[in-house]
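# Structural characterization, general
As a plain string of letters, each chain reads:
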Amino acid sequence: MKRFSFLFLTLFLLFGFSGCEKKPIGGVEKMHWDRDMCERCKMAISERKFAVQIIDPKTGKDYKFDDLGCAVLWLKEEKIPWADQAIIWITDAKTGVWIDARKAKYVNDAITPMAYGFAAYSDVTLPKGAKVFDYPYVAKKIVEIEKENSTKVKAY
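Residues numbered from 1 in each chain as written. Predicted model: local features only at pLDDT ≥ 70, side-chain atom pairs only at ≥ 80, totals over all residues. Heavy atoms only, no water.

### Thoughts on the environment of Ser-122
The topology assignment puts Ser-122 in the loop between β6 (119-121) and α3 (135-152). Sequence-wise, Ser-122 and Ala-93 are 29 residues apart; in three dimensions their C-alpha atoms are separated by 9.0 Å. (Helix = DSSP H or I, 4+ residues; strand = E, 2+ residues; numbered from the N terminus.)

### Thoughts on the nonpolar core
Counting residues in hydrophobic clusters, the biggest one holds 33 residues, and the most contacted among them are Ile-54, Phe-65, Leu-68, Ile-90 and Tyr-106. When contributions to this core are tallied by element, the ones reaching two or more residues are β1 (52-55), β2 (62-65), α2 (68-77), β3 (87-91) and α3. Looking at this core element by element, the count peaks at 7 residues for α2. Not counting residues within four places of it along the chain, the set of residues in contact with Ile-90 comprises Ala-51, Val-52, Leu-68, Val-97, Trp-98, Ile-99, Ala-101, Ala-104, Tyr-106 and Ala-120. Formed by 5 residues, the second largest nonpolar core is a distinct cluster that contains Phe-50, Ala-93, Ala-119 and Tyr-121. (Core = buried A, V, L, I, M, F, W, Y, C linked by side-chain atoms within 4.5 Å. Buried < 20%, exposed > 50% of the residue type's maximum accessible area, 1.4 Å probe, protein only. Contact = heavy atoms within 4.5 Å.)

### Comments concerning the pattern of salt bridges
Following the criterion strictly, the structure yields 6 salt bridges and no others. We note a salt bridge from Glu-146 to Arg-40, for which the minimum N-O separation is 3.4 Å. Remark: Arg-40 occurs in the loop between α1 (2-16) and β1 and Glu-146 occurs in helix α3; sequence separation between them is 106 residues. A salt bridge links Asp-62 to Lys-64, with the shortest nitrogen-to-oxygen separation between them at 3.7 Å. Via salt bridges that share partners, Asp-36, Asp-62 and Lys-64 belong to a single interconnected network. (Salt bridge = Lys/Arg side-chain N within 4 Å of Asp/Glu carboxyl O.)

### Looking at the packing of α2 against α3
Contact geometry of α2 with α3 gives a least axis separation of 9 Å together with a crossing angle of 80°. In terms of orientation, α2 and α3 fall into the roughly perpendicular class. Across from Leu-68, Gly-69, Val-72, Leu-73, Leu-75 and Lys-76 in α2, the residues of α3 making contact are Tyr-135, Val-138, Ala-139, Ile-142, Val-143 and Glu-146. Residue classes in the contact of α2 with α3 are distributed as 9 nonpolar, 1 polar and 2 charged. (Axes fitted to C-alpha atoms, helices over the stretch in contact; angles between N-to-C directions. Parallel < 35°, antiparallel > 145°, perpendicular 65-115°, else oblique. Nonpolar A, V, L, I, M, F, W, Y, C, P; charged D, E, K, R; others polar.)

### Describing α3
For α3, which comprises 18 residues, the first-to-last C-alpha distance of 26 Å matches the rise-based estimate of 26 Å (1.5 Å per residue) to within 8%. Where α3 begins, the capping side chain belongs to Asp-134, and its oxygen is found 3.1 Å from the backbone nitrogen of Tyr-137. (Expected span 1.5 Å × (residues − 1). Polar contact = N/O pair within 3.5 Å; in protein donor to acceptor, adjacent residues only side chain to side chain.)

### Re the pairing of β3
Both β1 and β3 contribute to a ladder of 4 bridges, which runs antiparallel. Bridged to Ile-55 within β3 is Ile-87. Where β3 lies against strand β4 (residues 98-100), 3 bridges are found, and the strand directions are antiparallel. Within β4, the position partnered with Ile-90 by the bridge is Ile-99. (Pairing = 2+ DSSP bridges.)

### Quick look at unusual backbone geometry
Even without a glycine there, the phi angle at Lys-42 is positive, about 65°. Summarising the element assignment, Lys-42 is placed in the loop between α1 and β1. We note that Ala-115 has phi near 65°; this positive angle belongs to a residue other than glycine. Mapped onto the elements of the fold, Ala-115 is located in the loop between β5 (105-107) and β6.

### Quick notes on α2
Within α2, 8 of the 10 residues are buried, leaving the element largely enclosed by the surrounding structure. Here α2 has its buried residues at Leu-68, Gly-69, Cys-70, Ala-71, Val-72, Leu-73, Trp-74 and Leu-75. Contact partners of the buried residues in α2: β1, β2, β3, β5 and α3. Regarding α2, its N-cap is Asp-67, as a side-chain oxygen of that residue lies 2.7 Å from the backbone nitrogen of Gly-69 further along. Of the residues trailing α2, Lys-79 is marked for its positive phi of about 50°.

Laid out in structure tokens, this is it:
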């Protein structure tokens, strides 16, 4: 009986605490397509070629978005103090693979979930001859688009 108890305790300690190891901060979190909701617009995230994740670099908490526009505007609207240090992942519009949003190459002729129009690519998947934009330009342009759109809507 002692042998069984010792074996049981050893296995419990070995497997019971293996799930408690701390994962590194900054990695992409698993998406639950069609179930995870966009942090800003609350729509289900279903389009696998335009999804975005923002990771808080201190806590590792992830925030998920259906469009780069929602992600950029959320950082601005919520006045996120760690916005400049945020780890931002976006899916490659061709492959759906997660890439660093700050290093991605953007084109602006895509049909995206929230109609901001920017699609991200890696150096390898970037369409030949495409006019390319970087993240700072795209973030600024998204804010301009939102401002323009909000002035078009008038209450009667």
